[in-house]
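# Structural overview
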Amino acid sequence: MFRCNEGDDSDGYRLKEMEFILSLTPSARVLHAYYIADAYKTNAAHPYDERPELGTYASDSILNDIDGLIEEKGGEGLMLDEVRAAVEEHLPEDLVDEQHLCLLHQYALNKPSGRSLRGTTKYYDRPTILEFYPPHKRNAYGRNGKMSEAHVSYTGYALKFVNLSPDPLVLWWDGIDRGRGERRARKVGTIAPFESIGTSGHPGHAFYLTPTYDKEHQLKRWTVTEDEPILYHDPLEGLSDDERSEEADRMVREKKWTAEQRFLRDAWIADRSFGRDYLVRTGRVWLAQFPTPSADAEDSGGGTGAMRMRPAPYLDHSEEVSTKELPFASLPEELPRLTGKDYAPEAEAGRVRDLAPYRSAGAAKKKDRTGASAAASAGEVDGDATTATLNLRVISVAPRVFESRRFLSPAEVNHLVALASGKRGDVVVTPSTVTESALGDAGKEESGGVRGREDPSRTSATGWVHREQDAVVDAIFRRVADLLGIDEDLMRDRDYDFGGEDEEEEERGGMPPPTHLRVVEAMQLLRYGPGDGYAPHHDFTYPSIGGRYQPRRYATVLLYLTGEGDVVAEDEDGNAIVRKAKKDEVGLTGGATTFPRAVTSDRHDGVQVPPRSGSAVTFYGALPDGNMDDLSQHSGDEVAGGVKYVANVWVWDPVVN
């Protein structure tokens, strides 16, 4: 967020302090608004539903009072006590903290002279390439040893287009259509007023904007370069900062802009100012929106909001994680869909008892309907243990990627393949799509009401499975939560009525439970046939600039259902099973997951993860300081032969939007 004074430089995983400078008035308005929003959210004494809307703060009475006091003093700055008194005229004392007062005091001191606003925050200090390796290997290079990063051959990167006009505009890509081999314009998506849209691109790619009603009228055109991946369309371009501010005020007075639109414009000004200092300090483009929620992590992994990230201290580092979600060695004949009542504590306890015979060591002797070999289980389970151990092995530090082999048991793999192939359940499998924000070698999968379209960058078939599909799928979601180190409660809606009264509601002052919405999307099941693949893309999404807590995907858990040499066959009962190919069958070849921009010392093509049945690949689309990780760009390599089945679990911070 924003702090007036320096904080502790030691907490969090490689999080360090940085100072930044912001344009005074628009940034003060935005930060002031967010401080009030945060105060209402976290202070249980004040009902959350009584908080003012953020857009009303553009002409907030507190800042107006401070401006009036400055005029009364003949243009002199105000003392801290004077600022405190002005604030307490409008807000209860317990809703104002010292950092908020510090911000307003700095505004009151600098407003007469027109100076900028200064603050501090934390940034992620990425390890050097030498630190990517275990300590004993670093010593081989000597105390002053040096190692260089390999130059990657892939040239793609994230692009972000910002519309600073009050009208929705359509973004087009002007290039070679890979399907037809000819030049043609393709629609990327519609950018709402004062919002942004993202895609991926390469240096030299051309884009342009048009009105929604006339696709032939180009309002703005860009040929992108790596030095400028964030591109702005601003109708007030060419004016000085003061002139832009005056023109924006006039637009609001004449009701051509709403107060909320003016607030969003101020937010973009603050974001752009911060991005310049962030780039200078880190060498990375600021792809998130400033200010992010606090990045002051309490554990070693870093992270923002309610989420935490597993640390990746060096390559091949392993971390063991305990889970109570024992693997299914066999499956019950009946697996009904779960409802809200099934998540009540008593119902959950009963379900655990009923499923124990299928998950204990003794279940290996039972023949289940899938015909799966129950000898191999997810994680490491001994005898009649009540917990299993998952292992996360670091296979990339930048981006942060882990592999967990044997995450799923064969019975669980077969169950998900049966769902994905339409052999079981009511999962509808359709051609995969990308959203309007995806293009070329970028793509965002259609999910949860997000409108999608077919695109050459995405060739596969997709089905969606919710956690409530059955007890097996529910257990996999719970195991994913353990893998990521988050509470499984966050992975389901918390509005189930278990009966009785909510004793905490009064203490919260009417505020909804902090996990009212789930943080995970439905599981995406994918089938890739020969020639199918997915070009390099990012999983993260760009949240609205007006969304205080910036909901976006922050972690992906990719589950391999088929591995190299595997086929999907049927047993004598017609159930789908995954097994090794026989001599006359074509097993899976190709289909690896590649991170083409992963930083290494010796590979120009990044890091490649081959498919292994039952394994999980976990990676983060965000950095510990809240920025997007552009290096998390990844591809599903083309399937050369056979069929590839995978499942994706996307986790959001703080909730799915």
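Residues numbered from 1 in each chain as written. Predicted model: local features only at pLDDT ≥ 70, side-chain atom pairs only at ≥ 80, totals over all residues. Heavy atoms only, no water.

A few words on the overall build of the protein chain. Of regular secondary structure, the protein chain possesses 10 helices and 28 strands. In the protein chain, which comprises 657 residues, the share counted as buried stands at 56%. Sequence separation of 24 or more characterises 75% of the internal contacts of the protein chain that already satisfy a separation of 6 or more. Total accessible area computed for the protein chain in this model is approximately 28700 Å², and 48% of it derives from carbon and sulfur atoms. (Helix = DSSP H or I, 4+ residues; strand = E, 2+ residues; numbered from the N terminus. Buried < 20%, exposed > 50% of the residue type's maximum accessible area, 1.4 Å probe, protein only. Contact = heavy atoms within 4.5 Å. Areas by Shrake-Rupley, 256 points an atom, 1.4 Å probe, with all protein chains shown as cover.)

Hydrogen bonds along the backbone pair up the strands of a sheet, which may run parallel or antiparallel. Taking strand neighbours across the sheet as the criterion, the four strands line up as S18-S26-S23-S24 in an open arrangement whose pairing is antiparallel. Unpaired on one side and paired on the other, strand S18 (534-537) and strand S24 (607-609) mark the two borders of the sheet. Averaged over neighbouring strand pairs, the angle between their axes works out to 15° when direction is ignored. Where strand S23 (residues 593-595) and strand S26 (residues 634-636) come together, two bridges link them in antiparallel fashion. Residue pairing across strands places Thr 593 opposite Gly 636, the latter belonging to S26. (Pairing = 2+ DSSP bridges. Axes fitted to C-alpha atoms, helices over the stretch in contact; angles between N-to-C directions.)

Two descriptors summarise a pair of aromatic rings, namely the distance from one centre to the other and the angle between the planes of the rings. Considering all chains together, one arrives at 16 aromatic pairs under this definition. Between Phe 20 and Phe 290 the ring centres are 5.3 Å apart and the planes differ by 75°, which places this aromatic pair in the edge-to-face class. Taken together, the residues span a long stretch of sequence, with Phe 20 in strand S1 (residues 15-22) and Phe 290 in the loop between helix H7 (259-282) and strand S10 (318-323) at a distance of 270 residues. Chaining the aromatic ring pairs together yields one cluster made of Phe 20, Phe 274, Tyr 278, Trp 286 and Phe 290. The ring of Tyr 232 has Arg 272 lying over it, and the distance from NZ or CZ to the ring centre is 3.8 Å. Here the basic side chain of Arg 479 rests over the ring of Phe 407, its NZ or CZ set 5.7 Å away from the ring centre. (Phe/Tyr/Trp six-rings, centres within 6.5 Å; stacked < 30°, edge-to-face > 60°. Lys NZ or Arg CZ within 6 Å of the ring centre and 35° of its normal.)

In this section: the nonpolar core. By size, the foremost hydrophobic cluster in this structure holds 64 residues, and its most contacted members are Leu 416, Ile 486, Met 491, Met 523, Leu 559 and Val 651. Among the elements that make up this core, the one with the highest residue count is helix H10 (residues 471-484) (10 residues). Those residues in contact with Met 491 that lie beyond four places of it in its chain are Arg 467, Phe 477, Val 480, Ala 481, Ile 486, Arg 518, Val 519, Val 520 and Val 651. In terms of nonpolar packing, the next biggest core, distinct from the first, is built from 36 residues, Leu 15, Leu 22, Leu 63 and Val 87 among them. (Core = buried A, V, L, I, M, F, W, Y, C linked by side-chain atoms within 4.5 Å.)

Another aspect to go through is the confidence of the model for the protein chain. Scored by pLDDT, the protein chain has a mean of 82; 79% of the residues are at 70 or more. Confidence drops under pLDDT 50 across residues 295-301; counting only partners more than four residues distant or on other chains, this segment forms 26 contacts. In this model, residues 361-377 is a region of pLDDT below 50 whose contacts with residues beyond four sequence positions or in other chains number 41 contacts. (pLDDT = per-residue confidence, 0-100.)

Closest axis-to-axis distance for the helix H8 (residues 345-359)/H10 pair is 12 Å, and the angle between their directions is 100°. In terms of their interaxial angle, H8 and H10 are classed as roughly perpendicular. Contacts between H8 and H10 involve Glu 348, Arg 351, Leu 355 and Arg 359 on the former and, on the latter, Ala 471, Asp 474, Ala 475 and Arg 478. Taken together, the residues that form the contact of H8 with H10 break down as three nonpolar, no polar and five charged. (Parallel < 35°, antiparallel > 145°, perpendicular 65-115°, else oblique. Nonpolar A, V, L, I, M, F, W, Y, C, P; charged D, E, K, R; others polar.)

It is worth spelling out unusual backbone geometry at this point. A cis amide bond links Phe 290 to the next residue, Pro 291, at an omega of -5°. Here Pro 291 lies in the loop between H7 and S10. The omega torsion of the bond from Ala 398 to Pro 399 falls at 5°, within 30 degrees of zero and hence cis. Within the element layout of this structure, Pro 399 appears in the loop between strand S11 (388-396) and strand S12 (401-404).

Its 13 residues give helix H4 (residues 98-110) an end-to-end C-alpha distance of 18 Å, which sits within 8% of 18 Å, the value for a rise of 1.5 Å per residue. The buried fraction of H4 amounts to 10 of the 13 residues, a majority that puts the element mostly inside the structure. Where H4 is concerned, the buried positions are Gln 99, His 100, Leu 101, Leu 103, Leu 104, His 105, Gln 106, Tyr 107, Ala 108 and Asn 110. Capping the start of H4, Asp 97 holds a side-chain oxygen 3.2 Å from the backbone nitrogen of Gln 99, two or three residues further along. (Expected span 1.5 Å × (residues − 1). Polar contact = N/O pair within 3.5 Å; in protein donor to acceptor, adjacent residues only side chain to side chain.)

Attention now goes to the pairing of strand S25 (residues 616-620). The element S25 is largely enclosed, with a buried count of five among its five residues. Residues of S25 alternate between two faces, with Ala 616, Thr 618 and Tyr 620 on one and Val 617 and Phe 619 on the opposite face, all of them buried. Here four bridges tie S12 to S25, and the two strands are oriented antiparallel to one another. Pairing of Val 401 across the sheet is with Phe 619, part of S25.

So, about the pattern of salt bridges. Should their charged atoms come close, side chains of opposite charge can pair. By the definition in use, this model includes 40 salt bridges. Across the pair Glu 131 and Arg 14 runs a salt bridge whose closest N-O atoms are separated by 3.5 Å. Taken together, the residues Glu 131 in the loop between strand S2 (117-124) and helix H5 (135-138) and Arg 14 in the segment before S1 connect sequence positions 117 residues apart. The class of Glu 131 is partly exposed, set by a relative accessible area of 26%. Under the relative-accessibility criterion, Arg 14 is labelled partly exposed at 25%. (Salt bridge = Lys/Arg side-chain N within 4 Å of Asp/Glu carboxyl O.)

This next bit is on the side chain of Arg 478. Looking at the element boundaries, Arg 478 is found in helix H10. The class of Arg 478 is buried, set by a relative accessible area of 10%. Polar contacts involving the side chain of Arg 478 include one to the side chain of Glu 488, which spans 3.4 Å. Leaving out residues up to four positions away in the same chain, Arg 478 has contacts with Glu 325, Tyr 343, Glu 348, Arg 351, Arg 467 and Glu 488.

Take a negative patch on the surface next. Together, Asp 65, Glu 88, Glu 89, Glu 93 and Asp 94 make up a region of like negative charge exposed at the surface. Considering the arrangement of structural elements, one finds Glu 93 in the loop between helix H3 (80-88) and H4. (Patch = residues over 30% accessible without salt bridge, like charges linked within 9 Å, V, L, I, M, F, W, Y side chains within 5 Å. Lys, Arg positive; Asp, Glu negative; His and termini not counted. Charge placed at Lys NZ, Arg CZ, Asp CG, Glu CD.)

Moving on, we get to the side chain of Asp 125. The residue Asp 125 is located in the loop between S2 and H5 in this model. Within the local environment of Asp 125, its side chain forms a polar contact with the side chain of Lys 16, the two groups lying 3.2 Å apart.

The next point concerns the environment of Lys 582. As for its position among the elements, Lys 582 is in the loop between strand S21 (576-580) and strand S22 (589-590). For the pair formed by Lys 582 and Val 567, sequence separation is 15 residues and the distance between their alpha carbons is 8.7 Å.

This part is about the sheet that holds strand S6 (residues 196-201). Taken together, three strands build an open sheet; the order of strands is S6-S3-S9 and the sheet is mixed. Edge positions in the open sheet fall to S6 and strand S9 (230-233), since each of these has one partner strand only. Averaged over neighbouring strand pairs, the angle between their axes works out to 20° when direction is ignored. Bridge analysis of strand S3 (residues 157-163) against S6 gives six bridges, and the strand direction is antiparallel. Bridge pairing in S6 places Ala 158 opposite Ser 200. With respect to the sheet, H7 is in contact with S3, S6 and S9, its orientation differing from that of S9 by roughly 145°.

Here the focus is the environment of Arg 337. Its place among the elements puts Arg 337 in the loop between S10 and H8. Taking the C-alpha atoms as reference points, Arg 337 and Gln 469, separated by 132 residues in sequence, lie 4.9 Å from one another. A distance of 3.3 Å separates the side chain of Arg 337 from the side chain of Gln 469, its partner in a polar contact.

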